[in-house]
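Structure at a glance
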Amino acid sequence: MTTRAGFIALIGEPNAGKSTLLNRMVGAKVSIVTHKVQTTRARIRGVAMEGDAQLVFVDTPGLFKPRRRLDRAMVAAAWGGAADADVVVLMVEAHRGITEGVERILEGLEEIGQGRTIALAINKIDKVPSEKLLALTSDLNARFPFAETFMISAEKGRGVDDLRKWLASKLPEGPWLYPEDQIADLPLRMIAAEMTREKLTLRLHQELPYQLTVETENWEERKDGSAKIDQVIYVMRDGHKGIVLGKRGETIKAVSQAARAELEEFLDRKIHLFLQVKVRPNWLEESERYSEMGLDFKDGNG
Ligand SMILES: Nc1nc2c(ncn2[C@@H]2O[C@H](COP(=O)(O)OP(=O)(O)OP(=O)(O)O)[C@@H](O)[C@H]2O)c(=O)[nH]1
Ligand SMILES: [Mg+2]
């Protein structure tokens, strides 16, 4: 049997649906998803099989104009993911079309495109009438020589099987990179921290989700088969701590319950989750925070 295996980077503007597509390809929620931009902060690998091919999808942070050190490290991680991949899939939102952000990404693709297969996936086709899709497809293909164009709905699953089959055929021949039953390549402690950050992002408003980070500090296996997980939420100001806790601790309690429920489902075991909020005004400038997130601190140098 000839096997194939390789890396497929999903890139695009924030909110394009990269993490949604990764999860659908893998068949499990490996990468967190919210309706807000800049949800994913680091590269997240998920593994899918298609016939004799093993597809290692690399979800990346959205590409945008970075302002802070964290933003720069995220954008560098995204381009790094694209540069290391066998195939790159650019995801563009059907209803937004060619934005300034998409134009900038196309320029970036010219630089890394040499000798690499780059496909276009127009996502969220459930949001627009099909006539519009043809115009967008030809506009985008006039601007960049995509190897193929797919029209998909990552959320509804439309067009995803065709995309996976095509991607499998583009991967180099070679042995599989992961055991057949592995779906993610991300430490469990990081997946657990991400789940909590997702619940925080969904509940907190304005800039607050962008000014906090979550780390798993301790993971204790218990004899009864359950696990006790301690996490720290780093925020930048006292006022933020109050908001994260909420009135009589209601917000943090709701976050903790939601994160625990999801973790229990993911791990299929009982979890005891303990969250603590710490004020750390300078966490955005601390290299340890970046390594915990899976980012390179130096990438953030201005
Ligand atoms: N209607 C519709 N919504 C979608 C589709 N795919 C994703 N979404 C929604 O778009 C939003 C963003 O999805 P994500 O998967 O988090 O997007 P992302 O590209 O990973 O975003 P960042 O991590 O911020 O870069 C979520 O609310 C998704 O539910 C789709 O095919 N149709
Ligand atoms: Mg994402």
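In what follows, the structure referred to is the one given above.
An account of the accompanying structure is given in this report. (Residues numbered from 1 in each chain as written. Chains lettered and ligands numbered in written order. Predicted model: local features only at pLDDT ≥ 70, side-chain atom pairs only at ≥ 80, totals over all residues. Heavy atoms only, no water.)

1. Brief notes about the site of ligand 1
Test applied: Residues are labelled near a given molecule or strand when at least one of their non-hydrogen atoms is within 4 Å of it. Polar contacts, as used here, are pairs of N or O atoms within 3.5 Å; protein pairs need one atom able to donate a hydrogen and one able to accept it. Residues neighboring in sequence count only if both atoms are side-chain atoms. Exposure was quantified through the Shrake-Rupley algorithm and a 1.4 Å probe, taking into account, for residues, occlusion by the shown protein chains and nothing else. The numbering of helices and of strands both runs from the N terminus, where a helix is a DSSP run of H or I of at least 4 residues and a strand a run of E of at least 2. Just so you know the grouping, Ala, Val, Leu, Ile, Met, Phe, Trp, Tyr, Cys and Pro go in nonpolar, Asp, Glu, Lys and Arg go in charged, and all remaining residues, Gly too, go in polar.
Around ligand 1 sit 23 residues, and of these Lys-18, Thr-20, Gln-38, Thr-39 and Glu-155 come closest. Between ligand 1 and Asn-123 there is a distance of 3.2 Å, counted from an oxygen atom to a side-chain nitrogen or oxygen. Here ligand 1, which alone exposes 660 Å², has 92% of that area covered by the protein. Element by element, the count of residues in the shell around ligand 1 is highest for helix 1 (residues 18-26), at 3 residues. Split into classes, the residues belonging to the shell around ligand 1 amount to 5 nonpolar, 12 polar and 6 charged.

2. Concerning the pairing of strand 4 (residues 87-93)
Consecutive residues of a regular strand have side chains that alternate between opposite faces of the sheet. The following threshold applies: Accessibility here uses a 1.4 Å probe with only protein chains present; expressed as a share of the type maximum, an area under 20% marks a residue as buried, one over 50% as exposed, and anything in between as partly exposed. Any two strands are treated as partners once DSSP identifies two or more bridges connecting them. If the strands point away from the viewer and the path from the first strand over the helix to the second runs clockwise, then the crossover is right-handed.
Of all 7 residues making up strand 4, 7 are buried, and the element is well covered by its neighbours. Burial along strand 4 is two-sided: Val-87, Val-89, Met-91 and Glu-93 facing one way and Val-88, Leu-90 and Val-92 facing the other are all buried. Direction of pairing for strand 1 (residues 4-12) relative to strand 4: parallel, over a ladder of 5 bridges. Pairing of Ile-11 across the sheet is with Leu-90, part of strand 4. Note on the crossover from strand 4 through helix 3 (residues 100-112) to strand 5 (residues 117-123): the handedness is right-handed.

3. Section: helix 6 (residues 188-203)
Rules: By definition here, a helix of n residues has an expected span of 1.5 Å times n minus one. Only heavy atoms enter the contact rule, under which two residues are in contact if any of them lie within 4.5 Å.
If you check helix 6, its first and last C-alpha atoms are 23 Å apart, about what 16 residues at 1.5 Å a residue would give, namely 22 Å. Looking only at helix 6, the buried set comprises Ile-191, Ala-192, Ala-193, Glu-194, Met-195, Thr-196, Arg-197, Glu-198, Lys-199, Leu-200 and Thr-201. Buried residues along helix 6 sit in contact with strand 2 (44-50), strand 8 (213-221), strand 9 (227-235), helix 7 (238-245), helix 8 (250-267) and strand 10 (271-279).

4. Things to note about the environment of Ile-125
The residue Ile-125 is located in the loop between strand 5 and helix 4 (130-143) in this model. By relative accessible area, Ile-125 is classed as buried at 9%. The sequence separation of Ile-125 and Arg-158 amounts to 33 residues, and the corresponding C-alpha distance is 8.5 Å. For Ile-125, the contacting residues outside a window of four places in its chain are Ala-94, Leu-133, Met-151, Ile-152, Ser-153 and Arg-158.

5. Some details on the pattern of salt bridges
Stated precisely, the cut-off is as follows: A side-chain nitrogen of Lys or Arg and a carboxyl oxygen of Asp or Glu constitute a salt bridge if their distance falls within 4 Å.
Under the defined criterion, the tally for this structure stands at 27 salt bridges. Across the salt bridge formed by Glu-198 and Lys-29, the nearest N and O atoms sit 2.6 Å from each other. Here Glu-198, found in helix 6, pairs with Lys-29, found in the loop between helix 1 and strand 2; they are 169 residues apart in sequence, far enough to count as distant. Look at Lys-29 and you get partly exposed, because its relative accessible area is 28%. Notably, a salt bridge pairs Glu-103 with Arg-143, separated by 2.9 Å at the nearest N-O pair. In this pair, Glu-103 sits in helix 3 while Arg-143 sits in helix 4, placing the two residues 40 residues apart along the sequence. Since its relative accessible area comes to 32%, Glu-103 is described here as partly exposed.

6. Describing the packing of aromatic side chains
We apply this condition: Only centres within 6.5 Å qualify two rings of Phe, Tyr or Trp (six-membered ring in Trp) as a pair; their planes then separate them into stacked at under 30 degrees, edge-to-face at over 60, and tilted for everything else. The criterion for a charge sitting over a ring is simple: Lys NZ or Arg CZ within 6 Å of the ring centre, and within 35 degrees of the ring normal.
In this structure the tally under the stated criterion is 3 aromatic pairs. Where Tyr-290 meets Phe-297, the ring centres are 5.2 Å apart and the plane angle is 75°; that geometry is what we call edge-to-face. One Lys or Arg, Arg-69, reaches over the ring of Phe-297 and ends 3.8 Å from the middle of that ring.

7. Quick look at the pairing of strand 5
Of all 7 residues in strand 5, 6 are buried; the element is thus mostly enclosed. Two strands pair when backbone bridges link them, and strand 4 and strand 5 are joined in this way by 7 bridges, in the parallel orientation. What sits directly across from Leu-90, in strand 5, is Leu-120. Pairing between strand 5 and strand 6 (residues 149-151): 3 bridges, direction parallel. The residue bridging Ile-122 from the neighbouring strand is Met-151, located in strand 6. The β-α-β motif built from strand 5, the intervening helix 4 and the parallel element strand 6 has right-handed crossover chirality.

Everything listed here is a matter of coordinates, which is why it stays silent on function.
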